[in-house]
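Chain and residue survey
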Amino acid sequence: MNNAGGTGRELDPLWEKLEDLKRLDSDLTTASVRRPERTSDQIRAEIENRLGFFPPFFGAALASPPLLEGLWCQQLYCYYDNPLPELYKEKLSAILAQYCASSYFVVTHACMLYKLGMTAREIGLLLEGPVLSADNLEHVFETLAQYPHPVAVWPVEDPEFDEKLMVCCAAVFLGVKESVRCAAELKEILGPSNYACLIALLAGIKTCHVWVEAHPEVNCEDHPVVRENFLPLVRS
């Protein structure tokens, strides 16, 4: 029924809402249009262009371009483009590689650490690091309590900080009894941004372990970093 006393603009808000819904539908339609699927050769070329080589890790996914793209994108976000210090990422990856049934990652990360300047002795000591235990974790919490919460910048020249942080990371990664407490400590000392980057790194490492365990044909000897650094590492 018409309202004779109205201004004629009572329905304007409704028309505006309808226009908003039309624009939203248009945006969603545009977003849902998938980009053309890339071939495995195209994705491989991108990986080689970025890294300088094609890690054997990705070889098992070559038969499925979408899967290869997914693995590559995850590793980009979780590891290669992760802003955490490169040496720390490698150290943590090497330590956690010991909990993988495949030897692929412990060898590749040890060789990468050697390439980055660590000595064979330093790498050995890293891999023989502190054992996860309730007493050791209490000591870790006591040591980390001495640092600002959160730290203003990552203490790149502080081996003790790295070591204690990696113990907490291992606890979270393995889901041990104190993992929740360790996660809370990591978040408080690193702050939300660095903590998110660290958890992304742990998630990427977990995916890598599951992938190589399911593909025993993936051989670390085919990795260029291993070919270049394994013998110098074991002979030093």
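Below is a short write-up of the structure.

1. A short note on the packing of helix α2 (residues 40-51) against helix α3 (residues 65-80)
Helix-helix packing is described using two parameters, namely the angle between the two axes and the distance between the axes. In the contact formed by α2 and α3, the axes pass within 9 Å of each other and the chain directions differ by 20 degrees. Viewed along their axes, α2 and α3 adopt a mutual orientation that is roughly parallel. Crossing of α2 over α3 shows left-handed handedness. Touching Ser-40, Ile-43, Glu-46, Ile-47, Arg-50 and Leu-51 of α2 are Pro-65, Leu-68, Glu-69, Trp-72, Leu-76 and Tyr-80, all from α3.

2. Describing the pattern of salt bridges
Side-chain pairing between opposite charges can occur once the charged atoms of the two side chains come close. Going through the model one piece at a time under the given rule, you end up with 7 salt bridges. For Arg-38, the salt bridge identified is with Glu-69, shortest N-O distance 2.5 Å. Pair noted here: Arg-38 is in the loop between α1 (12-32) and α2 and Glu-69 is in helix α3, with a separation of 31 residues, a long-range link. One exposure class covers both Arg-38 and Glu-69, and it is buried. In this structure, Arg-181 engages Glu-138 in a salt bridge whose closest nitrogen and oxygen atoms are separated by 2.7 Å. Residue Arg-181 is found in helix α9 (residues 179-214), and its partner Glu-138 is found in helix α7 (residues 134-144); the two are separated by 43 residues along the sequence. Several salt bridges share partner residues, and in doing so they unite Arg-38, Glu-46 and Glu-69 into one network.

3. Description of a nonpolar patch on the surface
A cluster of nonpolar residues, Phe-230, Leu-231 and Val-234, forms a patch on the protein surface that exposes about 250 Å² of accessible area. With respect to the secondary-structure elements, Leu-231 resides in helix α10 (residues 224-235).

4. Some points on the packing of aromatic side chains
Evaluation of the coordinates by the stated rule reveals 10 aromatic pairs. Centroid distance Tyr-79 to Tyr-80: 5.2 Å. Interplanar angle 85 degrees. Geometry classified as edge-to-face. When the ring centre of Phe-54 is taken as reference, the NZ or CZ atom of Arg-44 above it lies at 4.2 Å. Lying across the ring of Phe-173, Lys-206 places its NZ or CZ 4.1 Å from the centre.

5. Some details on unusual backbone geometry
Between His-149 and the following residue, Pro-150, the backbone shows a cis peptide bond with an omega angle of 0 degrees. As for its placement among the helices and strands, Pro-150 is situated in the loop between α7 and α8 (159-174).

About the thresholds
- Residues numbered from 1 in each chain as written.
- Predicted model: local features only at pLDDT ≥ 70, side-chain atom pairs only at ≥ 80, totals over all residues.
- Heavy atoms only, no water.
- Axes fitted to C-alpha atoms, helices over the stretch in contact; angles between N-to-C directions.
- Helix = DSSP H or I, 4+ residues; strand = E, 2+ residues; numbered from the N terminus.
- Parallel < 35°, antiparallel > 145°, perpendicular 65-115°, else oblique.
- Left-handed = near helix turned anticlockwise from the far one by under 90°.
- Contact = heavy atoms within 4.5 Å.
- Salt bridge = Lys/Arg side-chain N within 4 Å of Asp/Glu carboxyl O.
- Buried < 20%, exposed > 50% of the residue type's maximum accessible area, 1.4 Å probe, protein only.
- Patch = residues over 30% accessible without salt bridge, like charges linked within 9 Å, V, L, I, M, F, W, Y side chains within 5 Å.
- Areas by Shrake-Rupley, 256 points an atom, 1.4 Å probe, with all protein chains shown as cover.
- Phe/Tyr/Trp six-rings, centres within 6.5 Å; stacked < 30°, edge-to-face > 60°.
- Lys NZ or Arg CZ within 6 Å of the ring centre and 35° of its normal.

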